[in-house]
Amino acid sequence: MKRQNVRTLALIICTFTYLLVGAAVFDALESEEETAERQKLEQKQTELKSKYNLSEDNYYELEGVVLQLKPHKAGVQWKFAGSFYFAITVITTIGYGHAAPSTDGGKVFCMFYALLGIPLTLVMFQSLGERINTFVRYLLHRIKKCLGMRRPEVSMANMVTIGFFSCISTLCIGAAAFSYYERWTFFQAYYYCFITLTTIGFGDYVALQKEHALQTKPQYVAFSFIYILTGLTVIGAFLNLVVLRFMTMNAEDEKRDAEHRALLNRNGQASSVHTTDTTASSTTAALGGGMGGGSGSGRGGFRNVYAEVLHFQSMCSCLWYKSREKLQYSIPMIIPRDLSTSDTCMEQSHSSPGHYPGTPSNRCFCNAQRSAISSVSTGLHSLSAFQGLMKRRSSV
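An account of the accompanying structure is given in this report. Source: prediction; values computed, not measured.

Observations regarding helix α3 (residues 80–91)
No. 1: In a regular helix each residue adds 1.5 Å, so 12 residues correspond to 16 Å; α3 covers 16 Å between its end C-alpha atoms and thus fits that length.
No. 2: When we look at burial in α3, the residues that qualify are G82, Y85, F86, A87, I88, T89 and V90.
No. 3: Where α3 terminates, the next one or two residues include T93, which has phi positive at roughly 60°.

Re the pattern of salt bridges
A side chain with one charge may pair with a side chain of the opposite charge, provided their charged atoms come close.
No. 1: Counting across every chain of the model gives five salt bridges.
No. 2: Here R183 and E211 are joined by a salt bridge, their closest N and O atoms 3.6 Å apart. Note that R183 is positioned in the loop between α5 (156–182) and α6 (186–197) and E211 in the loop between α6 and α7 (213–216), a separation of 28 residues in sequence.
No. 3: Taking relative accessible area as the criterion, E211 reaches 48% and is therefore assigned partly exposed.
No. 4: Beyond isolated ion pairs, a larger network of salt bridges with shared partners links R183, E211 and K217.

Brief notes about the packing of aromatic side chains
No. 1: Here the structure, examined in full by the defined rule, presents 21 aromatic pairs.
No. 2: Ring geometry for Y180 and Y181: centres 5.2 Å apart, planes at 75°, overall edge-to-face.
No. 3: On the basis of relative accessible area, Y180 is assigned to the exposed category, the value being 63%.
No. 4: For Y181, a relative accessible area of 32% translates into the label partly exposed.
No. 5: Between F223 and Y227, the ring centres sit 6.0 Å apart and the planes meet at 25°, which makes this aromatic pair stacked.

Quick word on the side chain of T121
No. 1: Structurally, T121 is set in helix α4 (residues 104–146).
No. 2: Residue classification places T121 among the buried residues on the basis of a relative accessible area of 6%.
No. 3: With residues near it in sequence (within four places) discarded, T121 still touches I91 and T92.

Regarding a nonpolar patch on the surface
No. 1: A contiguous nonpolar patch, built from F135, Y138, L139, I143, L147 and M149 and spanning about 640 Å² of accessible area, is present on the exposed surface.
No. 2: Structurally, the position occupied by Y138 is in helix α4.

Comments concerning the side chain of N240
No. 1: Structurally, the position occupied by N240 is in helix α8 (residues 218–247).
No. 2: Owing to a relative accessible area of 17%, N240 belongs among the buried residues under this scheme.
No. 3: Engagement of the side chain of N240 in a polar contact is seen with the backbone oxygen of Q126, the distance being 3.4 Å.
No. 4: Setting aside chain neighbours within four positions, we find N240 in contact with Q126, E130 and N133.

Remarks on a negative patch on the surface
No. 1: A surface patch of like charges, here negative, comprises E30, E33, E34 and E37.
No. 2: The topology assignment puts E30 in helix α1 (residues 3–52).

So, the nonpolar core
No. 1: Ranked by size, the top nonpolar core spans 27 residues in total, and within it Y85, Y96, F178, Y192, A207, L208 and I228 carry the most contacts.
No. 2: The greatest single-element share of this core, amounting to eight residues, is contributed by α8.
No. 3: Those residues in contact with A207 that lie beyond four places of it in its chain are Y85, F178, E182, W184, Y192 and Y220.

Notes on the environment of T15
No. 1: Checked against the element boundaries, T15 lands in helix α1.
No. 2: A distance of 2.7 Å separates a polar side-chain atom of T15 from the backbone oxygen of L11.

Definitions and cut-offs
- Residues numbered from 1 in each chain as written.
- Predicted model: local features only at pLDDT ≥ 70, side-chain atom pairs only at ≥ 80, totals over all residues.
- Heavy atoms only, no water.
- Helix = DSSP H or I, 4+ residues; strand = E, 2+ residues; numbered from the N terminus.
- Expected span 1.5 Å × (residues − 1).
- Buried < 20%, exposed > 50% of the residue type's maximum accessible area, 1.4 Å probe, protein only.
- Salt bridge = Lys/Arg side-chain N within 4 Å of Asp/Glu carboxyl O.
- Phe/Tyr/Trp six-rings, centres within 6.5 Å; stacked < 30°, edge-to-face > 60°.
- Contact = heavy atoms within 4.5 Å.
- Patch = residues over 30% accessible without salt bridge, like charges linked within 9 Å, V, L, I, M, F, W, Y side chains within 5 Å.
- Areas by Shrake-Rupley, 256 points an atom, 1.4 Å probe, with all protein chains shown as cover.
- Polar contact = N/O pair within 3.5 Å; in protein donor to acceptor, adjacent residues only side chain to side chain.
- Lys, Arg positive; Asp, Glu negative; His and termini not counted.
- Charge placed at Lys NZ, Arg CZ, Asp CG, Glu CD.
- Core = buried A, V, L, I, M, F, W, Y, C linked by side-chain atoms within 4.5 Å.

In structure tokens form, the structure reads like this:
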């Protein structure tokens, strides 16, 4: 089974297992509390009916009026400030539910507005997050160089750590501010910030819904808008760093498989040509005293260079190159590019046996301008051009 299919199947199984675990935990935590709360409300309902002598119909009518008045208790919702707040919750998919269009025209416009606004906002946040990550990586690299660290390169672990603490700091700053303005506890405000910035948006806690804040507290309104957009940007940067890497793994695997198939096809065609050449060379060798055998063996040796490279240990005491693990992905991509170049080098070596341009007299290839080993990472040029090179592959 292909790696991509295995990964997808594993993700499906993990997701449904995660859902089952979450359902079990929420059932254990919330079920009894819900039952107790419902019994208390039903008892309160009976007391109100008895106290005010309300019939069943009158009570439900009063209940409906109270529910309809709930969105308006915070003041006017559809002036510019409130409409801007609603537009933010639409295109960011937060969707508190504290306000909703009541006219048919408003509902139609909301659907078309969300249809264009949601993908636009997602792309904007991801692009902005990528730019932020690039800037942070540059700053961290400069800081490491200024501190004189031996390895100033910025690793993925560095970026993930910085992104994680940036998210925690953003949530804490918002929790402190909203607990002050909304008179919530710090935990309630932190919960509100988390639910908002992850775009879950339950609507059980909604800012700017007390004391006509949308009309009377412009500074608080501006802070809330800026905080939501900035916080979503920080979260987007962290998701861009962590999640998108896994989202592109299937695409990378498909590309690698395509390159590997192209390599196999090309090597298959080369093998068929090599078979024909070997047959011709053998015939010539039988007729002419074996003069053509060397060329065929040289070409055959290079055609199997990929298998040979995986068994190399070292060429000489002053050389080093990639191990089996490092070559397993790079070799399939570099061999096809260099087949023609290496064939040319082989032809040159056979035309002038015992000599290769740039090869020093002591047979150590480290200082050669284009030695076999110095070009491993970029092409593995003409490994078979050096007589006796294969014999030294296990030397120390």
